[in-house]
Amino acid sequence: MRIVPTTEDRGTAGDIWLMLPDGSEHALRCDVTIGRGEDNDLVLKTTTVSRDHARLSHKEGRWFVEDLGSRNGTFVNTKRIPSHAPYSLHHADRIDVGSETLVFSWLAQSTDPDETDAMENLPPAAGPALSPFQQQVVGALCRPWLDGASLDRLPTNEEIAAELGTPGAADTVKAALRRAYAKAGLTDGPPHAKRRALCRVARQRGWI
């Protein structure tokens with residue numbers, strides 16, 4: 001995977017970004033083409049990605065993704081979008097390009113009057129699935145971020161326990177998160193960093 005920097009600025013660094021398949025983040029400042037061909041801004045070498053697969057573009061204060069007539073199509077929250085028709089993106093949308101998954105993040109978009117498309121019938125998660133209780137805990141952890149809050153403002157274990165109707169069960173929440181970290185492959189790093197990373201991985205894998 002390779003990103004070619006460009007100069008046309010369409011946003012403030014860190015405000016709008018893509019989470020890439022390897023878990024890294026790319027700030028969106030300008031239009032981005034995606035494909036297997038070396039002339040793209042974001043090069044994905046996976047064979048399920050077409051040479052010129054998709055484009056992210058900015059106009060009239062919004063970001064759009066457009067399929068460029070790819071063989072395997074481009075999907076937003078598991079729904080295939082029409083080719084050559086820009087499709088409006090919302091905060092935390094999951095973009096499938098071939099077998100690769102990107103996550104679009106725009107924290108300031110929580111004030112957007114348009115509703116985000118329903119995220120129904122998500123595909124099975126890659127790797128071990130969460131138990132029902134772990135999914136509830138991870139959902140409560142990530143909900144503020146999905147609603148547009150910063151990843152630095154995630155709820156504490158005590159707040160998650162209270163939201164789930166089990167005040168005083170912070171230790172149980174902590175144990176569930178520990179198992180979720182393991183299933184997400186997040187074994188190293190400080191707790192606050194793992195909590196942020198878990199939200200991104202959970203969104204990418206369809207756990208939330």
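Quick note: structure is the one above.
So, here's what we can say about the structure. (Residues numbered from 1 in each chain as written. Predicted model: local features only at pLDDT ≥ 70, side-chain atom pairs only at ≥ 80, totals over all residues. Heavy atoms only, no water.)

1. A word on helix α3 (residues 170-184)
Taking 1.5 Å per residue as the helical rise, α3 with its 15 residues ought to reach 21 Å, and the 21 Å between its terminal C-alpha atoms agrees with that figure. Within α3 the residues assigned to the buried category are Ala 170, Val 173, Ala 175, Ala 176, Leu 177, Ala 180, Tyr 181 and Ala 184. Remark: Gly 185 follows α3 within two positions and exhibits a positive phi of approximately 80 degrees. (Helix = DSSP H or I, 4+ residues; strand = E, 2+ residues; numbered from the N terminus. Expected span 1.5 Å × (residues − 1). Buried < 20%, exposed > 50% of the residue type's maximum accessible area, 1.4 Å probe, protein only.)

2. Focus: the pattern of salt bridges
In this structure the tally under the stated criterion is five salt bridges. Here Asp 96 makes a salt bridge to Arg 94, at a shortest N to O gap of 3.6 Å. (Salt bridge = Lys/Arg side-chain N within 4 Å of Asp/Glu carboxyl O.)

3. Structural notes on the side chain of Asp 67
Structurally, Asp 67 can be placed in strand β7 (residues 62-67). Buried charge Asp 67 goes without a salt bridge, the closest partner of opposite sign being Arg 80 at 5.7 Å. One polar contact links the side chain of Asp 67 to the main-chain amide nitrogen of Gly 69, over a distance of 2.9 Å. Apart from the residues within four sequence positions on either side, Asp 67 is in contact with His 53, Ala 54, Gly 73, Thr 74, Ile 81, Pro 82, Ser 83 and His 84. (Lys, Arg positive; Asp, Glu negative; His and termini not counted. Polar contact = N/O pair within 3.5 Å; in protein donor to acceptor, adjacent residues only side chain to side chain. Contact = heavy atoms within 4.5 Å.)

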